[in-house]
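Given next are the chains, with one letter for each unit.
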Amino acid sequence: MTLNERAAKLTGLAARLYLRDAALLAGRLLLSLIFLHEGATLASHFEGAAKAMAALGVGLPLFIATVALQLGAGLSIATGLLTRLGAIGLGLFCLATAMLFHTNFASQNELLHFEKDLAISGGMFVLAAAGAGRVSLDWLLAGYLRQRQRDKEMVAALLAVENQFSMEVGLPV
């Protein structure tokens, strides 16, 4: 393989990796938007939203948990921090919402909401499997932790060399 062929192969690989990460970032932002918007709306109209949810049989503790999940997991996915956990949480939330609240298939609107929740849930599970990509806090945190592990291994190796040297020279350790 010539040098030009190798360069072309590396360029193609870099372009594919860039597109993958750009697609993951765009997907994360788009998926998180609905939850961040809904969570912020519920939080800013808390009293009225709590009354409306109570009419549907959702008590105050579950309503608060719903707002916290939408905002917390929505931010998790948008920033790419603990993305897989946030995606699983919202994926399960969408499944539960579909199964508990959108089962009147005689209503076209309810059927549409059911299908939408299933589709969002599927997207969340795909995101959980794929991860956040390199444009994320998960990626930065993983890099930091890898560096810390390498640093610990280097310190351990240096201490081992120092101990070995001390033993060979006869110095107290």
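Below or above, wherever it landed, is the structure these notes cover. (Residues numbered from 1 in each chain as written. Predicted model: local features only at pLDDT ≥ 70, side-chain atom pairs only at ≥ 80, totals over all residues. Heavy atoms only, no water.)

1. Considering the packing of aromatic side chains
Where we set the bar: Any pair of Phe, Tyr and Trp rings, taking the six-membered ring for Trp, is counted once the centres come within 6.5 Å. Such a pair is stacked with planes under 30 degrees apart, edge-to-face with planes over 60 apart, and tilted for the rest. Under the DSSP-based scheme used, a helix requires at least four consecutive residues in state H or I and a strand at least two consecutive residues in state E, with every element numbered from the N terminus. Whether a charge sits over a ring comes down to the Lys NZ or Arg CZ being within 6 Å of the ring centre and within 35 degrees of the ring normal.
Evaluation of the coordinates by the stated rule reveals two aromatic pairs. Here Phe46 and Phe63 contribute two aromatic rings whose centre-to-centre distance is 5.1 Å and whose plane-to-plane angle is 55°, an arrangement assigned as tilted. Of this pair, Phe46 sits in helix H2 (residues 46-55) while Phe63 sits in helix H3 (residues 60-79), placing them 17 residues apart in sequence. The side chain of Arg146 reaches across the aromatic face of Trp139, ending 5.8 Å from its centre.

2. Considerations on a nonpolar patch on the surface
The following threshold applies: Nonpolar side chains (Val, Leu, Ile, Met, Phe, Trp, Tyr) are joined into patches within 5 Å and like charges within 9 Å, using only residues with over 30% relative accessible area and no salt bridge. Working definition of accessibility: Shrake-Rupley area with a 1.4 Å probe, residue cover restricted to the visible protein chains. Counted as salt bridges are all cases of a side-chain nitrogen of Lys or Arg within 4 Å of a carboxyl oxygen of Asp or Glu.
Together, Leu81, Leu82, Leu85, Leu137, Trp139, Leu140, Leu141, Tyr144 and Leu145 line one region of the surface with nonpolar side chains, adding up to about 900 Å² of accessible area. In terms of residues, the nonpolar patch owes the most to one element, helix H6 (residues 137-169), which gives six residues. Inspection of the secondary structure assignment puts Leu81 in the loop between H3 and helix H4 (83-101).

3. Quick look at H6
In plain terms, the rule: Take the residue count of a helix, subtract one, and multiply by 1.5 Å to get its expected span. Within 3.5 Å is the distance limit for a polar contact, defined as a pair of N or O atoms, with the added protein rule that one can donate a hydrogen and the other accept it, and that residues adjacent in sequence qualify only through two side-chain atoms.
The end-to-end C-alpha distance of H6 is 48 Å, a good match for the 48 Å that 33 residues give at a rise of 1.5 Å each. Capping of H6 at its N-terminal end is provided by Ser136; its side-chain oxygen lies 3.1 Å from the backbone amide nitrogen of Trp139.

4. Some details on the pattern of salt bridges
Short version of the rule: Relative accessibility decides the category of a residue: with a 1.4 Å probe and only protein chains considered, values under 20% of the type maximum give buried, values over 50% give exposed, and everything between is partly exposed.
Within the structure shown, the criterion is met by four salt bridges. Two residues, Arg20 and Asp21, come together in a salt bridge whose shortest N-O distance is 3.9 Å. A relative accessible area of 41% means that Arg20 is categorised as partly exposed. Given a relative accessible area of 5%, Asp21 falls into the buried group. Here Asp117 and Lys116 are joined by a salt bridge, their closest N and O atoms 3.1 Å apart. Lys116 gets classed as partly exposed once you look at its relative accessible area, which sits at 32%.

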